[in-house]
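# An overview of the molecular structure
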Amino acid sequence: MAMLGKRRPSRPASGHSGLVRKPSSKAEQKEGDSTTLVVERLAHDGRGVAHTTAGKTVFIDQALPGEHVDVAVQVTRKRYDEAHIKNRLTSSEQRVEPPCAYFGQCGGCDLQHLNLTAQRQHKRDVVTELMARQGLTLGPIAALDGSSEHYRRRARLGVRVDGQGNVLLGFRAPNSHRLIDIEQCYVLVPALNELMLPLRQLLATLEAPRLVGHVELLATNEATVVLVRQLKAHDQDMARWQRFAEQQKISLGTWLGRETPVLHWNGARNNTGPALQDVLNLEELGIQRVKSLINDPPSSNDEGSKQLTLRFFPGDFLQVNAEVNQKMVAQVLAWLKPAPGQQLVDLFAGVGNFSLPLAAAGAQVAAIEGNPAMVERITANADANQLEVHARQADLSDASTVQMLLSEHQHIDAIVLDPPRSGAEAVCQVIGRYNIPRVAYISCDPATLARDAAHLVHAGYRVKQVAVADMFLHTAHLETLMLFEYEG
Ligand SMILES: C[S@@+](CC[C@H](N)C(=O)[O-])C[C@H]1O[C@@H](n2cnc3c(N)ncnc32)[C@H](O)[C@@H]1O
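The structure displayed is predicted, hence computed values, not measured ones.

### Some thoughts on the UniProt feature "active site" (unreviewed entry) in the protein
- In the UniProt entry, the feature "active site" (unreviewed entry) is given for Cys444.
- What cysteine 444 contacts, discounting residues up to four positions off in sequence, is Pro419, Pro420, Arg421, Leu478 and Glu479.

Encoded structure:
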């Protein structure tokens, strides 16, 4: 998006679908001005969009479509203003009491004031609108619903010492670096919420809390992990952290150093840390494990045959919502129907979240991942589950690398694409040359997905299926799945 003023917009561009270019008014609003507006719709980031009588767009925090609101303008720009509600004159039927006491102050969640049905509809609307801007019309969008609370198994919390010497632990305020001190988080899994109070108590006893930048919390079925970002060594405080880890029965890691931090586990320098594990349930994925190509599979009464265990290390990518991840993998399997004899390529493969289930169903799987350590993990995970996956490292943002990789295969039945937020433009620009019948695209950014979808359609693909997953409920973040089929 072109910058409209000297300062960056305080919200990301994805929310600016309301930047309608209307003639600018001579009677401009000024910061602090108050006015009454009718909210027309939601912007992508969840703010209400209204227009002044002079036609200027106003983005209003926590305002819902149909509501009449008195607003105070906080930031005024050439083409739009940003405002908050001073007085809500009417309330939308979709409005609910936000379940978290910190909603509005804490910038973690944007949509808690909107009921769940409307949140999900809003996300479908965002995907539909972004695709329409690329000239693409979507059919019905399926929903992969998940729990609305306590779903998040990984989070980074800031640590800050205020002017009175109090140590704060929490997330940033919306559009601000200000840290909001929180005691509980509505979306964190119980194991992490249970740590919040002891963590706060520990932080209050540290001699040098200003040396702690943030803490990262991670919960798996088998372990809870705290990673402390420690800017400079402090022996007494490190001993306090060690005792804390023993008392709380957690794994403790410290990223030590200001510029290029090094990970220490329980005081020892170690860049990987202990292996953690994620589990995928094969029955829930709807696949019968096909006999291993390497060894005999475990016997049918062995739990190992009913689940896949994926080892990963702190710092590796992990889908934040375990329940929805399971559904997402099941959806991709249902679309692709992997079977013996099929050749599949998993691009942006992480530690094998999609590769392993595809291989368990009997397909031949090539996995490509940019991070060399995670490539090792894919191979180790495949071995440990008695599966065969050909994993290798490559930079998939480079079109010539992608071409080289795809050219090595005589035939590919389908591709799984699960890129980071920046998307998979290089892949989608060249994929059309290889007559690959199906592409399952999993996206955490609908704007880059829409851009990439346009490339695929230009190359001869059609959108066959769409689903929106509850990976990040209560926030404006979106997880979308799309199945493309080649029609030439
Ligand atoms: C959204 S994650 C998906 C991982 C995996 N599919 C999963 O479900 O857990 C994106 C992955 O792409 C990898 N990645 C990021 N940029 C890359 C690039 N330029 N080339 C190859 N892989 C990249 C990241 O390391 C990460 O593992």
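### Comments concerning the site of the ligand
- Of all residues adjacent to the ligand, which total 17 residues, the nearest are Gln319, Phe348, Glu369, Leu396 and Asp418.
- Glutamate 369 is positioned such that a nitrogen or oxygen atom in its side chain is 2.6 Å from an oxygen atom of the ligand.
- Protein chains bury 85% of the 600 Å² of accessible surface belonging to the ligand in isolation.
- Partitioning the shell around the ligand into residue classes produces nine nonpolar, five polar and three charged.

### Side note on the pairing of strand 17 (residues 307-312)
- Alternating residues of strand 17 divide into Leu308, Leu310 and Phe312, all buried, and Gln307, Thr309 and Arg311, none buried.
- Looking at chain direction, strand 16 (residues 276-281) and strand 17 are connected through six bridges and run antiparallel. By the bridge assignment, glutamine 277 is partnered in strand 17 with arginine 311.

### Focus on the packing of aromatic side chains
- Per the stated rule, a full pass over the model turns up three aromatic pairs.
- Their ring planes at 85 degrees and their centres at 5.4 Å tell us that phenylalanine 59 and tyrosine 80 sit as a pair that is edge-to-face. With phenylalanine 59 in strand 4 (residues 57-61) and tyrosine 80 in strand 6 (residues 80-88), this pair connects stretches of sequence that are 21 residues apart.
- In this structure phenylalanine 59 comes out as buried when scored by relative accessible area, which is 0%.
- Of the residues examined, tyrosine 80 reaches a relative accessible area of 0% and is grouped as buried.

### Regarding the sheet that holds strand 23 (residues 461-469)
- A sheet is described by the order of its strands in space; here eight strands give the open sequence 7-23-24-22-21-18-19-20, paired in mixed fashion. The open sheet has two edge strands with one neighbour each: strand 7 (142-144) and strand 20 (389-393). Geometrically, the sheet is characterised by an average inter-axis angle of 20 degrees between neighbouring strands, direction not taken into account.
- Taken together, the five bridges between strand 19 (residues 364-369) and strand 20 define a ladder with parallel strand orientation. Looking at strand 20, one finds that alanine 366 is bridged to histidine 390.

### Things to note about the environment of threonine 475
- Of note, threonine 475 is situated in the loop between strand 23 and strand 24 (479-486).
- Along the chain, threonine 475 and aspartate 110 lie 365 residues apart, while their C-alpha atoms are 4.9 Å from each other.

### Topic: the side chain of histidine 122
- Following the sequence through the fold, histidine 122 ends up in helix 1 (residues 116-133).
- Residues contacting histidine 122, with those up to four places away along its chain left out, are Leu42, Ala43, His44, Gly46 and Leu111.

### Observations regarding the sheet that holds strand 11 (residues 212-219)
- Taken in spatial order, the eight strands of this open sheet run 10-9-8-11-12-13-14-15, and their pairing is mixed. For this open sheet the edge positions go to strand 10 (179-181) and strand 15 (268-269), each flanked by a neighbour on one side alone.
- Note that strand 13 (residues 251-256) and strand 14 (residues 262-265) share four bridges and pair antiparallel. Within strand 14, the residue paired with tryptophan 255 across the bridge is leucine 263.
- Where helix 2 (residues 190-205) meets the sheet, it contacts strand 8 (154-161), strand 9 (167-172), strand 10, strand 11 and strand 12 (224-230), and its direction lies at approximately 155 degrees from that of strand 11.

### Focus on the side chain of aspartate 70
- Counting through the fold element by element, aspartate 70 comes out in strand 5 (residues 68-76).
- Within the structure, the side chain of aspartate 70 is placed 2.3 Å from the side chain of threonine 36, a separation counted as a polar contact.
- For aspartate 70, the contacting residues outside a window of four places in its chain are Thr35, Thr36, His84, Ile85, Lys86, Asn87 and Leu89.

### A short note on the packing of helix 2 against helix 3 (residues 235-248)
- Where helix 2 contacts helix 3, the axes come no closer than 11 Å and their chain directions differ by 160 degrees. Looking at the two axes, helix 2 sits roughly antiparallel to helix 3. Judged by the sense of rotation from one axis to the other, the crossing of helix 2 with helix 3 is right-handed. Residues Leu195, Pro198, Leu199, Leu202, Leu203 and Thr205 of helix 2 form the contact with helix 3, whose own contacting residues are Arg240, Trp241, Phe244 and Gln248.
- Tallied by class, residues from the contact of helix 2 with helix 3 come to seven nonpolar, two polar and one charged.

### Focus: helix 8 (residues 399-407)
- Along helix 8, the residues that are buried comprise Thr401, Val402, Leu405 and Leu406. All buried residues of helix 8 lie within an arc of 125 degrees about the axis, which places them on one face of the element.
- The inward-facing, buried residues of helix 8 abut strand 19, strand 20, strand 21 (414-417) and helix 9 (425-430).

### Topic: the state of the cysteines
- Inspection of every chain in the model, using the stated rule, returns zero disulfides.
- Of the cysteine sulfurs around cysteine 185, a residue in no disulfide, the closest is that of cysteine 109, at 6.2 Å.
- With relative accessibility at 9%, the residue cysteine 185 sits in the buried group.

### Digging into the environment of alanine 63
- Within the secondary structure layout, alanine 63 lies in the loop between strand 4 and strand 5.
- With 15 residues separating them along the chain, alanine 63 and glycine 48 place their C-alpha atoms 4.6 Å apart.
- Once residues within four sequence positions are removed from consideration, alanine 63 is found in contact with Val39, Leu42, Gly46, Arg47, Gly48, Ile85, Arg95 and His113.

### Considerations on the pairing of strand 18 (residues 343-347)
- Burial analysis of strand 18 places four of its five residues in the buried class, the great majority of the element.
- For the handedness criterion, the β-α-β arrangement of strand 18, helix 6 (residues 355-360) and strand 19 is classed as right-handed.
- Pairing analysis gives four bridges linking strand 18 to strand 21, with the strands arranged parallel. Paired with aspartate 346 across the bridge in strand 21 is valine 416.

Basis of the calculations
- Throughout this description, residue numbers start from 1 for each chain and increase along the sequence as written.
- Selection of residues for local features in this predicted model requires a pLDDT of at least 70, selection of side-chain atom pairs for listing and counting requires 80 or more, and totals for whole chains, interfaces and linings are taken over all residues.
- Note that the side-chain values use all heavy atoms of the structure and ignore hydrogens as well as water.
- UniProt positions are given in the numbering used here, feature names are shortened, and annotations may be inferred rather than shown by experiment.
- Two residues form a contact once any of their heavy atoms are found within 4.5 Å.
- Near, as used in this document, describes a residue that has one of its heavy atoms within 4 Å of the molecule or strand being considered.
- Here a polar contact is recorded for every N or O atom pair within 3.5 Å, except that within protein the pair must consist of a potential hydrogen donor and a potential acceptor, and residues adjacent in sequence are included only if both atoms are side-chain atoms.
- Accessible surface is estimated by sampling points in the Shrake-Rupley manner with a 1.4 Å probe; for residues, cover comes only from the protein chains shown.
- Throughout, the ten residues Ala, Val, Leu, Ile, Met, Phe, Trp, Tyr, Cys and Pro are labelled nonpolar, Asp, Glu, Lys and Arg are labelled charged, and all others, Gly among them, are labelled polar.
- Each residue is placed in one exposure class: buried if its accessible area under a 1.4 Å probe, protein chains only, is under 20% of its type's maximum, exposed if it is over 50%, and partly exposed if it falls in between.
- Only DSSP runs of H or I covering at least 4 residues are called helices, and only runs of E covering at least 2 are called strands; the numbering of each starts at the N terminus.
- Each pair of strands is called paired provided DSSP finds at least two bridges between the two strands.
- Think of it this way: a Phe, Tyr or Trp ring, Trp meaning its six-membered ring, pairs with another when their centres are within 6.5 Å, and the plane angle makes it stacked under 30 degrees, edge-to-face over 60, tilted otherwise.
- Each axis is a line fitted through C-alpha atoms, taken for helices only over the stretch in contact, and angles between the N-to-C directions span 0 to 180 degrees.
- By definition in this entry, angles of less than 35 degrees are roughly parallel, angles greater than 145 are roughly antiparallel, angles of 65 to 115 are roughly perpendicular, and the rest are oblique.
- Take the far helix as the reference: if the near one is turned anticlockwise from it by less than a right angle, the crossing is left-handed, and if turned clockwise, right-handed.
- To be clear, the arc concerns the directions from the helix axis to the C-beta atoms.
- Disulfides are defined in this document as cysteine sulfur pairs within 2.5 Å.
- When the strands point away from the viewer and the path from the first strand over the helix to the second turns clockwise, the crossover is right-handed.

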